[in-house]
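# Residue-level structural notes
Each chain is listed here by its residues.
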Amino acid sequence: MGIIMENRLTNFILSIADTTLILAQRNAEWCGHGPILEQDIAITNISLDLLGQSRNFYQYAAQIIGNNATEDSLAYLRTEREFKNLLLVEQPNGDWGQTILRQYLFSQYQYLLFEQLQNNADEQLAAICTKALKEIKYHVRWSSEWVVRLGDGTAESKERMLNAIDELWSYTGEMFIPAEYEKEMGIDFNALQNNWSAKVKALFTEATLSVPENIYMQSGGKQGIHTEHLGLILTELQYVQRAYPNSQW
Amino acid sequence: MNIKITKYYYGDIPEEKSAGSTYQSAQDATTWPLWEIFIRSKQGLDHKHVGSLHAADAAMAMENARDVYTRRQEGVSIWVVESKYITASNPEEAGELYEPAVDKIYRHPTFYILPDEVNYM
């Protein structure tokens, strides 16, 4: 594999690893604060699933990078500008409606993306994605039900879902604009966007919500240019490794 | 459906939810009915009662049961039933219900000499 191709693959894997890690961290903030015990367990379960996925990607990236890189050094010792996660997943939890909408918008995208990647020429990448698909299928199912439940629920729950759509929609466009390192990964971004839009539209219709149109889309996450929230997340996430370098459990 | 949802921001634990408060989070839960959960641990075994949980409807009860009771690979099949549909025997009637069986050992098939081949009956 040429050095350019190798760099692209590394960056691509890191971008998925970062996205899943940051969403895991966001969902973990609900631990002990869920609206009801059972949902507290559900959202932290999803957090753990995402953390497990991010570990697989970091381990693979570390293996390609070599040079004593480990999953820990990649997660704990890179700076904000090196993180390539989607802007969507670093957005604050807001209320329960905003959290579950963010989960749905991402999980639906992740499902369709991984479905393509399970046939990727890179066999290890394909294997990691195939393994994650079952979990993601459940995340889609769980978050879809909540979108319908709240969208088509009471006047207040609907109001909250409309607010959540306002808060999050402008961060969804970035998912379908390939970064330089994504361009030769064998992903059909047009199909990805069309399929995602169709799925979201169908679910929103069921939830008596509508898909916003002509919204300005934010971007930059894939290139390391983030909203102000990522710095705060990393401060907490990386604190122990920064304060006590090389400390072990 | 009357669900109370509180808006939280990052790192923000409202006072009524913090340690030592008298706030009853269980009040939120009581607006959702209780469901009894039965799990089959392996193909071929019976579903066994494993506990109960709160959920707004059967679909949510099913997902909650999956998250609460099967996350450590405890099961291959789940039944959920709303607790109000279970009729339970009254513990105070234990006398008339169960004690008459105590002195009727002839109802157990223990008086037959079985051939060795069927010793595991």
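Residues numbered from 1 in each chain as written. Chains lettered and ligands numbered in written order. Predicted model: local features only at pLDDT ≥ 70, side-chain atom pairs only at ≥ 80, totals over all residues. Heavy atoms only, no water.

## Thoughts on the overall build of chain B
What counts here: For helices the rule is a DSSP run of H or I covering at least 4 residues; for strands it is a run of E covering at least 2, with both sets numbered from the N terminus onward. The rule is simple: take the accessible area with a 1.4 Å probe, protein chains only, and divide by the maximum for that residue type; under 20% is buried, over 50% is exposed, in between is partly exposed. Two residues qualify as a contact provided that any one of their heavy atoms is within 4.5 Å of a heavy atom in the partner residue. In short, Shrake-Rupley with a 1.4 Å probe defines the accessible areas, and a residue's cover is counted only from the protein chains shown.
Counting its regular elements, chain B contains three helices and three strands. Mapped in sequence order, the helices and strands of chain B form the string α-β-β-α-β-α. Looking at chain B residue by residue over its 121 residues, the buried ones come to 22%. Taking the contacts inside chain B whose residues are at least 6 apart along the sequence as the reference set, 43% of them involve residues at least 24 apart. Counting only carbon and sulfur atoms, one obtains 54% of the accessible surface of chain B, whose full area is about 9,300 Å².

## Considering the nonpolar core
All names here are of chain A. For the record, the criterion: Joining through side-chain atoms within 4.5 Å is the link that ties buried Ala, Val, Leu, Ile, Met, Phe, Trp, Tyr and Cys residues into a set, and such a set is a nonpolar core.
Ranked by size, the top nonpolar core spans 91 residues in total, and within it Leu105, Phe114 and Val147 carry the most contacts. Among the elements that make up this core, the one with the highest residue count is helix H6 (residues 123–151) (13 residues). Here Phe114 is in contact with Ile16, Phe57, Cys129, Ala132, Leu133 and Ile136, once residues within four sequence places are set aside.

## Regarding the packing of aromatic side chains
Residues and elements named next belong to chain A. Our working definition: Aromatic rings from Phe, Tyr and Trp, taking only the six-membered ring of Trp, are treated as a pair when their centres fall within 6.5 Å; an angle between ring planes under 30 degrees marks them as stacked, one over 60 as edge-to-face, and anything in between as tilted.
This model, assessed by the stated rule, comprises ten aromatic pairs over all chains. Residues Phe106 and Tyr109 carry aromatic rings whose centres are separated by 6.1 Å and whose planes lie at 50° to one another, so their mutual orientation is tilted. One end of the pair is Phe106 and the other is Tyr109, both in helix H5 (residues 96–117) and three residues apart, which spans about a single turn. With respect to class, Phe106 is no different from Tyr109; both count as buried.

## Looking at the environment of Ile233(A)
With respect to the helices and strands, Ile233(A) occurs in helix H9 (residues 229–237). Taking C-alpha positions, Ile233(A) is 35 Å from Gly2(A), a pair spaced 231 residues apart along the chain.

## A look at the pattern of salt bridges
Pairing between side chains of opposite charge can happen when the charged atoms of each approach one another. All names here are of chain A. For the record, the criterion: Between Lys or Arg on one side and Asp or Glu on the other, a salt bridge is scored when a side-chain nitrogen of the former is within 4 Å of a carboxyl oxygen of the latter.
A full pass over the atoms with the stated rule returns 13 salt bridges over all chains. Glu145 is the salt-bridge partner of Arg149, the closest N and O atoms lying 4.0 Å from each other. One end of the pair is Arg149 and the other is Glu145, both in helix H6 and four residues apart, which spans about a single turn. In this structure Arg149 comes out as buried when scored by relative accessible area, which is 11%. Given a relative accessible area of 25%, Glu145 falls into the partly exposed group. We note a salt bridge from Arg160 to Glu156, for which the minimum N-O separation is 2.8 Å. A residue pair is termed a helical-turn pair when its members lie 3 or 4 positions apart in one helix, as Arg160 and Glu156 do in helix H7 (residues 155–168) at four residues.

## Some thoughts on the interface of chain A and chain B
Note the following rule: A quick way to say it: buried area is the sum, across both parts, of accessible area lost when two parts are put together, with a 1.4 Å probe. Polar contacts here mean pairs of N or O atoms no more than 3.5 Å apart (in protein, one a potential hydrogen donor and the other a potential acceptor; neighbouring residues in sequence count only if both atoms are side-chain atoms).
Taken residue by residue, the interface counts 26 residues in chain A and 24 residues in chain B. Counting each side, the surface lost to burial between chain A and chain B is near 2,500 Å², with a carbon and sulfur contribution of 57%. Among the residues chain A hides against chain B, the three largest losses belong to Glu38(A), Tyr138(A) and Arg149(A). Together they make up 24% of the total. Connecting chain A to chain B are two salt bridges. Note that Glu63(B) is salt-bridged to Arg141(A), the shortest N-O span being 3.0 Å. At the boundary of chain A and chain B, one finds seven residue pairs in polar contact (both at pLDDT 80 or more).

## Observations regarding the sheet that holds strand E2 (residues 47–54) of chain B
Strands in a sheet are paired, the pairing made by backbone hydrogen bonds, and the direction either parallel or antiparallel. Residues and elements named next belong to chain B. Here is the rule we go by: A pair of strands is considered paired only if DSSP assigns at least 2 bridges between the two. Axis definition: a line fit to C-alpha positions, over the contact stretch in the case of helices; interaxial angles, taken between N-to-C directions, run 0 to 180 degrees.
Reading across from one edge, E2-E1-E3 is the order of the three strands in this open sheet, with antiparallel pairing throughout. The open sheet has two free edges, formed respectively by E2 and strand E3 (77–82), since each of these has just one partner strand. The average undirected angle you get between the axes of adjacent strands in this sheet is 25°. For strand E1 (residues 34–40) and E2, the ladder comprises seven bridges, and the chain directions are antiparallel.

## Describing the packing of H6(A) against helix H2 (residues 58–69) of chain B
As a reminder of what qualifies: Rotating anticlockwise by less than a right angle from the far helix to the near helix defines a left-handed crossing, while the corresponding clockwise rotation defines a right-handed one.
At a closest axis distance of 11 Å, the pairing of H6(A) and H2(B) adopts a crossing angle of 145°. Crossing of H6(A) against H2(B): the hand is left-handed. Residues Tyr138(A), Arg141(A), Trp142(A), Glu145(A), Trp146(A) and Arg149(A) of H6(A) form the contact with H2(B), whose own contacting residues are Ala59(B), Met60(B), Met62(B), Glu63(B), Arg66(B) and Asp67(B).

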